[in-house]
Amino acid sequence: MTDPIRLLLADDHPVVRAGLRAVLEGESDFTVVAEAATAEEAVALAAELDLDVVLMDLQFGTGMNGARATAAITARPGAPRVLIVTTYDTDADTVPALEAGATGYLLKDAPPEELAQAVRAAAAGRSSLAATVADRLLERMRTPWAALSTRETEVLELVAAGLTNQQISRQLHLSQATVKSHLVHIYTKLGVDSRTAAVRSATSRGLIRPAHQGPPPSAAPPPGG
């Protein structure tokens, strides 16, 4: 009999962790070794424990976010795989997490059997992506000229949050001229000519998070993402 897949659950909501534990421990080949309520705790436990997969929330209440924690975990030799399990599926969320080294990206509304399959895939080093995430990544590959860069996404998220160019320049430590240059590039890629139209277009395409889902990455993240 093979050893069970050893898991760490990292989420700032105890109810979510309890739900994940209940689902995963119903599978005979999984064992939940530990839980973490913060990204920092997840990074520390991943370095200390013998783990196969970390199920990582994307947005925590304060401090480090899931993408940064993923980068810290996967940078270590022999690190466990990281499977993102979140409510967010925009490019602004998925691309940084995958660039940080996440093996898979799943949404919290996934059925239990899909979650179990994704965990097994991650443990084996195979990618597992939510269908909407996979579709958007394919679209980015098909039309790379239209994809927003990480910095352009940050700028547009702050525009969507209502910040002026001056406020954006201070928050991102850029000159106002650089912010304006990013906006020009964003307008060109999206085929629009105003801030409002850019936000509307990017939101409808899933490039940035709708305003009601929380602040942009540079601001304080909401809990439970």
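Computed from a prediction, not measured in an experiment: that's the story for all the values here.

Novice: Can you lay out the packing of helix α7 (residues 150–160) against helix α10 (residues 195–204) for me, pointing to particular residues and giving the numbers?
Specialist: α10 packs onto α7 with a crossing angle of 110° between their chain directions and a minimal axis gap of 10 Å. Here α7 is positioned roughly perpendicular relative to α10, judged by the angle of their axes. Here α7 and α10 pass one another in a crossing that is left-handed. Each of Leu-156, Val-159 and Ala-160 in α7 lies in contact with α10, whose residues at this interface are Arg-195, Ala-198, Val-199 and Ala-202.

Novice: Outline the pairing of strand β3 (residues 53–56), supporting the account with residue identities and numerical values.
Specialist: Where burial is concerned, the two faces of β3 agree: the one with Val-53 and Leu-55 and the one with Val-54 and Met-56 are both buried. As judged from the four bridges shared by β3 and strand β4 (residues 81–86), these two strands associate in the parallel manner. By the bridge assignment, Leu-55 is partnered in β4 with Leu-83. Where the polypeptide runs from β3 across helix α3 (residues 66–74) and back to β4, its parallel neighbour, the crossover connection is right-handed.

Novice: Let's hear about the sheet that holds strand β6 (residues 128–129): which residues, and what values?
Specialist: Within the open sheet, the six strands sit side by side as β2-β1-β3-β4-β5-β6. Their pairing is parallel. If you trace the sheet from one side to the other, it starts and ends with β2 (30–36) and β6, each paired once. Packing against the sheet, helix α4 (residues 91–99) makes contact with β4, β5 (104–107) and β6, and its axis sits at approximately 150° to β5.

Novice: Which residues make up the pattern of salt bridges, and what are the values?
Specialist: Where charged atoms of side chains with opposite charge meet at close range, the side chains can pair. Scanning the entire structure with this criterion turns up 12 salt bridges. Salt-bridge contacts for Asp-50 lead to Arg-6; the nearest nitrogen and oxygen are separated by 3.9 Å. With Asp-50 in the loop between α2 (39–48) and β3 and Arg-6 in strand β1 (residues 5–10), the pair connects residues that are 44 residues apart, well separated along the chain. You can call Arg-6 partly exposed: its relative accessible area is 28%. By sharing partners, the salt bridges in this structure join Arg-17, Arg-21, Glu-25 and Glu-35 into a single network.

Novice: Please set out helix α1 (residues 14–24) residue by residue, giving values where relevant.
Specialist: Taken residue by residue, α1 has Arg-17, Leu-20 and Leu-24 as its buried positions. End-on view of α1: buried residues confined to an arc of 65°, all on one side of the axis. Exposed side chains of α1 directed beyond 90 degrees from the buried face belong to Pro-14, Val-15 and Ala-22. Along its buried surface, α1 packs onto β1, β2, β3 and α5 (112–123).

Novice: Residues and numbers for the nonpolar core, please.
Specialist: Of all hydrophobic cores here, the largest spans 26 residues; its most connected members are Leu-8, Val-54, Met-56, Ile-73, Ile-84 and Tyr-105. Considering each element in turn, this core owes the most residues, five residues, to α2.

Novice: Explain the environment of Gly-191 to me, using residue names and the numbers behind them.
Specialist: Tracing the sequence through the fold places Gly-191 in the loop between α9 (176–190) and α10. The spacing of Gly-191 and Ala-146 is 45 residues in sequence and 9.2 Å in space, taken between C-alpha atoms.

Novice: How would you summarise α7 if you had to cite specific residues and measurements?
Specialist: Within the sequence span of α7, burial applies to Glu-152, Thr-153, Val-155, Leu-156, Glu-157, Leu-158 and Val-159. Against α4, α8 (165–172), α9 and α10 lie the buried residues of α7. Looking at the residues trailing α7, positive phi occurs at Gly-162, about 95°.

Novice: Please provide a residue-by-residue account of the environment of Arg-81, values included.
Specialist: Summarising the element assignment, Arg-81 is placed in strand β4. A sequence separation of 40 residues divides Arg-81 from Ala-121, and the C-alpha atoms of the two residues are 9.8 Å apart. Setting aside residues no more than four positions away along its own chain, Arg-81 makes contact with Asp-52, Val-53, Val-54, Thr-103, Ala-122 and Gly-125.

Rules behind the numbers
Residues numbered from 1 in each chain as written. Predicted model: local features only at pLDDT ≥ 70, side-chain atom pairs only at ≥ 80, totals over all residues. Heavy atoms only, no water. Axes fitted to C-alpha atoms, helices over the stretch in contact; angles between N-to-C directions. Helix = DSSP H or I, 4+ residues; strand = E, 2+ residues; numbered from the N terminus. Parallel < 35°, antiparallel > 145°, perpendicular 65-115°, else oblique. Left-handed = near helix turned anticlockwise from the far one by under 90°. Contact = heavy atoms within 4.5 Å. Buried < 20%, exposed > 50% of the residue type's maximum accessible area, 1.4 Å probe, protein only. Pairing = 2+ DSSP bridges. Right-handed = clockwise from strand over helix to strand, strands pointing away. Salt bridge = Lys/Arg side-chain N within 4 Å of Asp/Glu carboxyl O. Arc of directions from axis to C-beta. Core = buried A, V, L, I, M, F, W, Y, C linked by side-chain atoms within 4.5 Å.

Everything listed is a geometric property; what it means functionally is a separate question.
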